There are 2 protein chains.
Amino acid sequence: MRLSEFVLPTLKETPAEAQIVSHQLMLRAGMIRQESVGIYSWLPLGLRVMKNVEAIIREEQNLAGAQEILMPTIQSADLWRESGRYDDYGKEMLRIEDRHGRDLLYGPTNEEMVTAILRDYIKSYRELPVNLYHIQWKFRDEVRPRFGVMRGREFLMKDAYSFDLDLEGAKKSYDNMFATYLRTFTRMGLKAVPVRADPGAIGGDMSHEFHILTGTGESAIFYDVIYDELTLDVDNPDVEALQSIYAVEEKLHDPVSCPVAGDRLKQARGIEVGHIFYFGTKYSKAMGLVVDGPEGERIIVEMGSYGIGVSRLPAAIIEASHDKNGIIWPDSVAPFAVGLVNLKVADKACVSQCEDIYNRLREAGIDVLYDDRDERPGAKFADMDLIGLPWQLVVGPRELAVDRLELKRRDGGAREELSLESVLAKLTG
Amino acid sequence: MRLSEFVLPTLKETPAEAQIVSHQLMLRAGMIRQESVGIYSWLPLGLRVMKNVEAIIREEQNLAGAQEILMPTIQSADLWRESGRYDDYGKEMLRIEDRHGRDLLYGPTNEEMVTAILRDYIKSYRELPVNLYHIQWKFRDEVRPRFGVMRGREFLMKDAYSFDLDLEGAKKSYDNMFATYLRTFTRMGLKAVPVRADPGAIGGDMSHEFHILTGTGESAIFYDVIYDELTLDVDNPDVEALQSIYAVEEKLHDPVSCPVAGDRLKQARGIEVGHIFYFGTKYSKAMGLVVDGPEGERIIVEMGSYGIGVSRLPAAIIEASHDKNGIIWPDSVAPFAVGLVNLKVADKACVSQCEDIYNRLREAGIDVLYDDRDERPGAKFADMDLIGLPWQLVVGPRELAVDRLELKRRDGGAREELSLESVLAKLTG
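The shown structure was predicted, so the numbers you read here are calculated from the model rather than taken from an experiment. (Residues numbered from 1 in each chain as written. Chains lettered and ligands numbered in written order. Predicted model: local features only at pLDDT ≥ 70, side-chain atom pairs only at ≥ 80, totals over all residues. Heavy atoms only, no water.)

### Section: the overall build of chain A
For clarity, the cut-off: By the criteria applied, helices consist of DSSP H or I runs no shorter than four residues and strands consist of E runs no shorter than two, each listed in order from the N terminus. Taken over C-alpha atoms, the radius of gyration is set against a globule rule of 2.2 Å times the number of residues to the power 0.38. The classification of residues rests on relative accessible area computed with a 1.4 Å probe and restricted to protein chains. Under 20% of the type maximum is buried, over 50% is exposed, and intermediate values are partly exposed. By the convention used here, residues are in contact when the closest approach between their heavy atoms is within 4.5 Å. Per-residue accessibility takes into account occlusion by the displayed protein chains alone, with areas from the Shrake-Rupley method and a 1.4 Å probe. Note on charges: Lys and Arg go in the positive column, Asp and Glu in the negative column, and His and the chain ends are not counted at all. Lysine's charge is taken at NZ, arginine's at CZ, aspartate's at CG and glutamate's at CD.
When helices and strands are tallied, chain A shows 14 helices and 23 strands. Computed over its C-alpha atoms, the radius of gyration of chain A comes to 25 Å, within 12% of the 22 Å expected for a compact globule of 429 residues. Counting only C-alpha atoms and orienting by the principal axes, one finds that chain A spans roughly 80 × 60 × 45 Å. Sorting the 429 residues of chain A into buried and exposed places 58% on the buried side. Pairs at least 24 residues apart make up 70% of the contacts formed inside chain A by residues separated by at least 6 positions. As presented, chain A carries roughly 17300 Å² of accessible surface, and 47% of it is formed by carbon and sulfur atoms. One way to put it: in chain A the 52 positive side-chain charges average out to a point 4 Å from where the 69 negative ones average out.

Laid out in structure tokens, this is it:
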């Protein structure tokens, strides 16, 4: 993609309305635009990141054996009356009346609908277990939306729902998603801490939130310092061992009964990027999701839900990975792999060299953003650092003279002078 | 994917509520489920088709130089007050009030929002032309939703918007999308006829709907029989020549002035799958989307919009491609490339052979649905024909004995007996 043709409205100044660094950088890098309070458009650069995030989530859900469906954004109120949540949900639910006076709502979550779907189609114990997920926009009419897409009103979420015959099966489904979440976040360059969360009326210990530890996180958590020292074996995580490490949300922390010694206990703030939750027969009982067992007995299906905040993740990644000059994208979610910077567009040799490199990079399957604009080098370098592509490849008269390109790694800033062949080998390697 | 684990709730009987064949077959093949009037969930099989359709549209939009963004589903009423359409739009607009009493709406289309986006970011003639598209859910509160996803209320649409400096540029953008649409639909196995549509108050001849001709289409069109005889050169279409062929929507057809001789004129019914439309400065003028020209003059930007009905297309493809036994998917959009049918799951040799073939197919990168269920052969064949995968690969004791597999082409029903190596070569070829 040529930057001269790419819609990338970067800003030099930090917008006054943005309080946290991810919101500031997403606005400055031209990733998002606020359309209404807590409602955003994703501009080309931002959407590329979100799509990469989404692709990793989808791949890992499929590998875990979950099946993708797509439920609509608009739901009928009657469905929520079945579970009793229509009246309970309060003002965060966006309630709508259609032209015929029927009560609808913009789905804040999908437990009811997915239960109704399975109720129609699953009749026998032989058809379980099943795990269904979708990646769809949700709406929660937060009283004070803030921090950009971190706490928006319209947001993209992956929510999966497991259906099992008994608690043992439900625990297996839960642990499968627990491991999948660790892999998913690790692939995005994030270290996510699984934090025990309040299971509410359901009880038990099958409720974990996954937190990215940063000072700007909205949640307070307490955890054993062992998490800071841990190297996760994501291909084969010891789920039981990980779940036994102390890490809890604030309201579950009791200084008196806490099993971790004072010098080993850390307090931190975290951004919640995922939540997995076993809720047993809460919805299946209320809505009649029951299957025939092997002896003809009726079995009320055990359920769990598994959410990931898709549109929140680009912001969470920025909170975890930036410096004073801008964003530092992990390779796996970067909007482009490399930025090609032409330092002198008035120089014909320089242009011709850049065009050649641009074509070679694209032929090699490397996603490249080519800064072919007529701008000062300083402005080009500043924009490249701001938007945070993993690699910058610089071409100017000096580089031409020595037949070497300057390749800079955004993370750390190390520079190398390389031949084009070596650059290609490095970027495809 | 193993069918025993796949959520595929096929129906033997045709649901009474479905009036047209695509709606009947989508319900019978377990592709969709109605959640409210005109609002559907996409089950795993249906979603796979829609994602393939979406991927083709996205590829062709990107190739045409359009840039993908993502605008939200919920819009502010104030934006629509700027263009004057908030009051004009009528009851099809789903109007919403949030918890603070602000007027919102579920976007039925995005001209206003995309104009506001460009107004913020584009200042100079040097930054044009631009074409932005997104693929997002829309809502139109139709008074009588019908025909399943063909005329739903919540529907997925690709809408692109072009921005040019003058009419000549706008015409070029229009023709670019005209050619892109022909390629897009052809890749889906569809023959789409570009039909001149009413440009309304804008006038001119830059308004075309793309129609799939089937008896169940909702629109009446008149066209020169030359379209039936035409072989389209999609890689290099002669846009001017194609636009000069007579094909108009009913309200533009005047038998008296029609230039086509009676025996060459055909009347047909069509399903509208795309609409491209030049509307000049209608929104840019009302909303102040103006750029500086080369001499410092102010230029009001010329705009066009380009829609494709993404969630309608799987239904349109079925209308165009089915027989009495079910759907016949074109290869490019098929949910799986091949169905592997184990005729005898009680036979250990048969199971072992099927497992081996299943693994070989997957290793070769072939998307396979493996019917490993304990069902009668007749039921398995009926389901395979119903869901319409392009190829069926049959394994039973008879096939084992002769060391040959039966490969059936769904379209036409031709059968061949082949070795596994030949099957792999054929399916990857």
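After presenting the structure, the write-up continues.
### Here we look at the nonpolar core
Cut-off, in case you're wondering: We define the nonpolar core as a collection of buried residues of types Ala, Val, Leu, Ile, Met, Phe, Trp, Tyr and Cys that are connected through side-chain atoms lying within 4.5 Å of one another.
In this structure, M31, F185 and M188 of chain A together with M31, F185 and M188 of chain B are the most contacted members of the largest nonpolar core, which totals 170 residues. Apart from residues no more than four positions distant in its own chain, M31 of chain A is found in contact with M26, S41, W42, L43, L45, G46, V49, I318, I327 and W329 of chain A. Ranked by size, the runner-up nonpolar core spans 31 residues in total, among them Y86, L128, L289 and M303 of chain A.

### So, the packing of helix α2 (residues 44–63) of chain A against helix α6 (residues 167–187) of chain A
All names here are of chain A. Here is the rule: Helix axes use the C-alpha atoms of the stretch in contact, all axes being lines fitted to C-alpha atoms, and the angles between their N-to-C directions lie in the range 0 to 180 degrees. Here roughly perpendicular refers to angles of 65 to 115 degrees, roughly parallel to angles under 35, roughly antiparallel to angles over 145, and oblique to all remaining angles. Crossing handedness follows the turn of the near helix against the far one: under a right angle anticlockwise gives a left-handed crossing, and clockwise gives a right-handed one. In this classification, Asp, Glu, Lys and Arg are treated as charged, Ala, Val, Leu, Ile, Met, Phe, Trp, Tyr, Cys and Pro as nonpolar, and every other residue, Gly included, as polar.
For the pair α2 and α6, interaxial distance at closest approach is 10 Å and the crossing angle is 150°. As summarised for this structure, α2 and α6 are arranged roughly antiparallel, according to the angle between their axes. Between α2 and α6 the crossing geometry is right-handed. Between α2 and α6, the residues in contact are I56, I57, E59, E60 and Q61 and M177, T180, Y181, R183, T184 and R187, respectively. Classifying every residue of the contact of α2 with α6 by side-chain character gives four nonpolar, three polar and four charged.

### Notes on the interface of chain A and chain B
Rules: The salt bridge definition used is simple: a Lys or Arg side-chain nitrogen within 4 Å of an Asp or Glu carboxyl oxygen. In protein, a polar contact requires one atom able to donate a hydrogen and another able to accept it; more generally it is a pair of N or O atoms within 3.5 Å, and residues adjacent in sequence count only if both atoms are side-chain atoms.
Listed per partner, the contact involves 57 residues of chain A and 57 residues of chain B. For the pair chain A and chain B, the number of links is four salt bridges. In this structure, the salt-bridge partner of R153 of chain B is D98 of chain A, at a minimum N-O distance of 2.9 Å. In this assembly, chain A and chain B are joined by 22 residue pairs in polar contact (both at pLDDT 80 or more). Residue classes in the side of chain A that touches chain B are distributed as 31 nonpolar, eight polar and 18 charged.

### Considering the pairing of strand β19 (residues 338–342) of chain B
All names here are of chain B. Put simply, the rule reads: Each pair of strands is called paired provided DSSP finds at least two bridges between the two strands. Classification remark: right-handed applies to a crossover when, strands pointing away from the viewer, the course from the first strand over the helix to the second runs clockwise.
For β19, a buried count of five out of five residues is recorded, marking the element as mostly surrounded by other parts of the structure. Burial along β19 is two-sided: the residues V338, L340 and N342 and G339 and V341 are all buried. Sheet analysis places β19 next to strand β20 (residues 368–371), joined by four bridges and oriented parallel. Across the sheet, V338 pairs through a bridge with V368, a residue of β20. Handedness of the β19-helix α11 (residues 348–363)-β20 crossover: right-handed. The pairing of β19 with strand β21 (residues 391–395) spans five bridges and is parallel. Each bridged residue has a counterpart across the sheet, and for V341 the counterpart in β21 is V394.

### Looking at the state of the cysteines
Let me state the cut-off plainly: Defined by distance alone, a disulfide is two cysteine sulfur atoms within 2.5 Å.
This model, assessed by the stated rule, comprises zero disulfides over all chains. No disulfide involves C350 of chain B; its sulfur sits 4.9 Å from the nearest other cysteine sulfur, which is in C354 of chain B.

### Focus: the relation of the copies chain A and chain B
Copy one and copy two of the chain differ by a rotation about an axis and a translation along that axis. Quick reminder of the rule: A least-squares superposition brings the copies together, and it is based on the C-alpha atoms of residues with pLDDT no lower than 70 in both.
The two copies are related by a screw motion: chain A maps onto chain B through a turn of 180° and a shift of 0.0 Å along the axis, at an RMSD of 0.0 Å. The transformation just described matches what one would write down for a two-fold rotation axis. Considering only C-alpha atoms, the residue of chain A closest to the rotation axis is I96 of chain A, which sits at 2.9 Å. The fraction of interface residues of chain A whose copies in chain B are also interface residues reaches 100%, indicating that both copies meet through the same surface.

### Side note on the sheet that holds strand β20 (residues 368–371) of chain A
All names here are of chain A. Taken together, the five strands give an open sheet; going across it, the order is β20-β19-β21-β22-β23, and neighbouring strands pair in mixed fashion. Of all strands in the sheet, those bounded by a partner on one side alone are β20 and β23 (415–418). Pairs of neighbouring strands in the sheet enclose a mean axial angle of 20°, with direction left out of account. The sheet contact formed by strand β21 (residues 391–395) and strand β22 (residues 405–409) spans four bridges and is antiparallel. If you follow V394 over to β22, its bridge partner there is E406. Helix α12 (residues 377–387) rests against β19 (338–342), β20, β21 and β22 of the sheet, and its axis sits at about 175° to β19.

### A word on unusual backbone geometry
Residues and elements named next belong to chain A. In this model, L128 is joined to P129 through a cis peptide bond whose omega is 5°. With respect to the element layout, P129 can be found in the loop between α5 (111–121) and β7 (130–139). With a phi close to 60°, F147 is a non-glycine residue in the positive phi region. Along the chain, F147 falls in the loop between β7 and β8 (154–164).

### Digging into the pattern of salt bridges
For side chains of opposite charge, pairing can occur when their charged atoms come near one another. On inspection of all chains with the given rule, the structure shows 82 salt bridges over all chains. For E406 of chain A, the salt bridge identified is with R415 of chain A, shortest N-O distance 2.8 Å. Judged by relative accessible area, R415 of chain A falls into the exposed class, the value being 53%. Between E112 of chain B and R85 of chain B there is a salt bridge, with its nearest N and O atoms 2.7 Å apart. In this pair, E112 of chain B is assigned in helix α5 (residues 111–121) and R85 of chain B in helix α4 (residues 85–88), connecting sequence segments 27 residues apart.

### Some points on the domain arrangement of chain A
Accessible area lost upon the coming together of the parts is a frequently used measure of interface size. Residues and elements named next belong to chain A. Threshold: Note: domain ranges come from an automatic or database domain assignment. Buried area: the accessible surface (1.4 Å probe) lost by two parts on joining, summed over both.
In terms of domain boundaries, chain A breaks down into domain 1 (3–323) and domain 2 (336–428). The C-alpha-based centres of domain 1 and domain 2 are spaced at 38 Å. Taken together, the contacts link twelve residues of domain 1 with eleven residues of domain 2. Buried area between domain 1 and domain 2, both sides added, is near 1000 Å², and the carbon and sulfur share of it is 64%. On inspection of domain 1 and its partner domain 2, the count reaches two salt bridges. Two residues, R410 and D323, come together in a salt bridge whose shortest N-O distance is 2.8 Å.

### So, the sheet that holds strand β5 (residues 94–97) of chain A
All names here are of chain A. Spatial ordering of the open sheet is given by β4-β6-β5, a layout of three strands whose pairing is antiparallel. Every interior strand has two partners, whereas the edge strands, β4 (74–76) and β5, have only one. Between one strand axis and the next, the sheet turns through 35° on average, direction left out of account. Examined bridge by bridge, β5 and strand β6 (residues 103–106) share four bridges and lie antiparallel to one another. Across the sheet, residue I96 finds its bridge partner in β6, namely L104.

### Notes on the side chain of N131 of chain B
Mapped onto the elements, N131 of chain B comes out in strand β7 (residues 130–139). Setting aside its immediate chain neighbours within four residues, N131 of chain B contacts G65, A66, Q67, A160, Y161, S162, M177 and Y306 of chain B.

### Observations concerning the side chain of N110 of chain A
Looking at the element boundaries, N110 of chain A is found in the loop between β6 and α5. Once residues lying within four places of it in the same chain are set aside, the contact partners of N110 of chain A are M71, P72, Q75, H134, K138, D159 and Y161 of chain A.

### Some details on helix α2 (residues 44–63) of chain B
Keep this limit in mind: Given a helix with a known number of residues, its expected span is that number minus one, times 1.5 Å.
Between the first and last C-alpha of α2 of chain B there are 29 Å, a value that for 20 residues agrees with the 28 Å anticipated at 1.5 Å per step. Directly after α2 of chain B, the chain includes G65 of chain B, whose backbone phi takes a positive value near 90°.

### A few points about the environment of D383 of chain A
Residue and element names in this part refer to chain A. Within the fold, D383 resides in helix α12. With relative accessibility at 15%, the residue D383 sits in the buried group. On a C-alpha basis, the gap between D383 and G326 in space is 8.7 Å, while along the polypeptide they are 57 residues apart. Those residues in contact with D383, other than ones at most four positions away along the chain, are T10 and R373.

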